[in-house]
Amino acid sequence: MSKYDHIKEEAYEANRQLPKLNLVIFTFGNVSAADRALGVFAIKPSGVAYEKLSPKKMVIVDFDATIVEGKLRPSSDTKTHAVLYKHWEKIGGIAHTHSTYATAWAQSHRDIPVFGTTHADHTTSDIPCAPPMDDELISGNYEHQTGFQIINCFKEKKLDYEEVEMILVGNHAPFTWGKTAEKAVHNSAVLENIAQMAFLTEQINSNAVRLKDALIKKHYERKHGDGSYYGQET
């Protein structure tokens, strides 16, 4: 038994969902699960096929991206996860995919507009796309800087990471997060669905307009507001 078994299991189960939800192919993507009290997270090992994963293969890393436990090399995106955990203290899981539609928007350097109520059910903002990284940062500590690329985009757009739990990284792909690894994967699936619908909307009507503010507010608040009434009382 290890004191990290619970987050190894959480990360393992969350990673297994990525291919099931058609968010990755081959060994693309990764999910991590954090334990704030222990100051560490469990993350998928680099280049290992999803069907060959197990809880014991998850790698334990601290918030400075130092390996704490594990025999395998962690995901190449580990430093990005570490930066986000270190600076955004209320997240407990991070997912990174190369899902088709969300990645296409990232490659197009475009935010995803709020075209409809499905989008507004999850966030009141356009899904932000961080601009591509400067050359000198790319040639330096690239994955570490990707974390700050995400953080800086949120600062510049005055967004709250607790309210908007997803981003597109320009020319790269999406990252999502949440209070748990399961919620991070949920957000990845939602993002891909929103990205696909937004693409189709523009194909049908290239002059499609953004959802009006009253509907954005109504749909978001009925799920997330103080007087929310979606779902069942717990």
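Read on for an overview of the structure. (Residues numbered from 1 in each chain as written. Predicted model: local features only at pLDDT ≥ 70, side-chain atom pairs only at ≥ 80, totals over all residues. Heavy atoms only, no water.)

Considering the packing of aromatic side chains
- According to the stated counting rule, one finds nine aromatic pairs in the structure shown.
- Through a chain of ring-to-ring contacts, the aromatic side chains of Trp88, Phe154, Tyr161 and Trp177 assemble into a single cluster.
- The lysine or arginine in question, Lys44, covers the ring of Tyr50, its NZ or CZ lying 5.0 Å from the ring centre.
- The ring centre of Tyr230 lies 4.5 Å from the NZ or CZ of Lys223, which sits over that ring. (Phe/Tyr/Trp six-rings, centres within 6.5 Å; stacked < 30°, edge-to-face > 60°. Lys NZ or Arg CZ within 6 Å of the ring centre and 35° of its normal.)

What to know about helix H1 (residues 5-20)
- Its 16 residues place the ends of H1 23 Å apart at the C-alpha level, agreeing with the 22 Å of an ideal helix rising 1.5 Å per residue.
- Along H1, the residues classified as buried are Ile7, Lys8, Ala11, Tyr12, Ala14, Asn15 and Leu18.
- The inward-facing, buried residues of H1 contact strand S1 (30-35), strand S2 (40-43), strand S3 (59-62), strand S4 (67-69), strand S5 (93-96) and helix H7 (181-204).
- In the stretch just after H1, Asn22 is the one whose phi turns positive, near 60°. (Helix = DSSP H or I, 4+ residues; strand = E, 2+ residues; numbered from the N terminus. Expected span 1.5 Å × (residues − 1). Buried < 20%, exposed > 50% of the residue type's maximum accessible area, 1.4 Å probe, protein only. Contact = heavy atoms within 4.5 Å.)

Looking at the side chain of Gln149
- Summarising the element assignment, Gln149 is placed in helix H6 (residues 142-156).
- Accessibility expressed as a relative area gives 11% for Gln149, which makes it buried.
- Excluding its chain neighbours within four sequence positions, the residues that come into contact with Gln149 are Ala130, Pro131, Pro132, Met133 and Val169.

Structural notes on a nonpolar patch on the surface
- Among the surface-exposed residues, Ile25, Phe26 and Phe28 lie close enough to one another that they form a single nonpolar patch of about 350 Å² accessible area.
- Relative to the assigned elements, Phe26 resides in the loop between H1 and S1.
- Overall, the relative accessible area of 69% leaves Phe26 in the exposed class. (Patch = residues over 30% accessible without salt bridge, like charges linked within 9 Å, V, L, I, M, F, W, Y side chains within 5 Å. Areas by Shrake-Rupley, 256 points an atom, 1.4 Å probe, with all protein chains shown as cover. Salt bridge = Lys/Arg side-chain N within 4 Å of Asp/Glu carboxyl O.)

Quick word on the side chain of Thr123
- Summarising the element assignment, Thr123 is placed in the loop between helix H4 (117-120) and strand S6 (129-130).
- Judged by relative accessible area, Thr123 falls into the buried class, the value being 3%.
- Looking at Thr123, its side chain comes within polar contact range of the main-chain nitrogen of Ser125, at 3.2 Å.
- Beyond its immediate sequence surroundings of up to four residues, Thr123 is in contact with Glu163, Val164 and Tyr220. (Polar contact = N/O pair within 3.5 Å; in protein donor to acceptor, adjacent residues only side chain to side chain.)

Observations concerning the pattern of salt bridges
- Under the criterion given, the structure shown has 10 salt bridges.
- We note a salt bridge from Lys86 to Asp64, for which the minimum N-O separation is 2.5 Å. Taken together, the positions of Lys86 in helix H2 (residues 78-87) and Asp64 in the loop between S3 and S4 put the pair 22 residues apart, joining distant regions of the chain.
- With relative accessibility at 43%, the residue Lys86 sits in the partly exposed group.
- Each member of the salt-bridge network shares a partner with another, and the members are Asp126, Arg210 and Asp213.

Coordinates in, geometry out; function isn't part of it.
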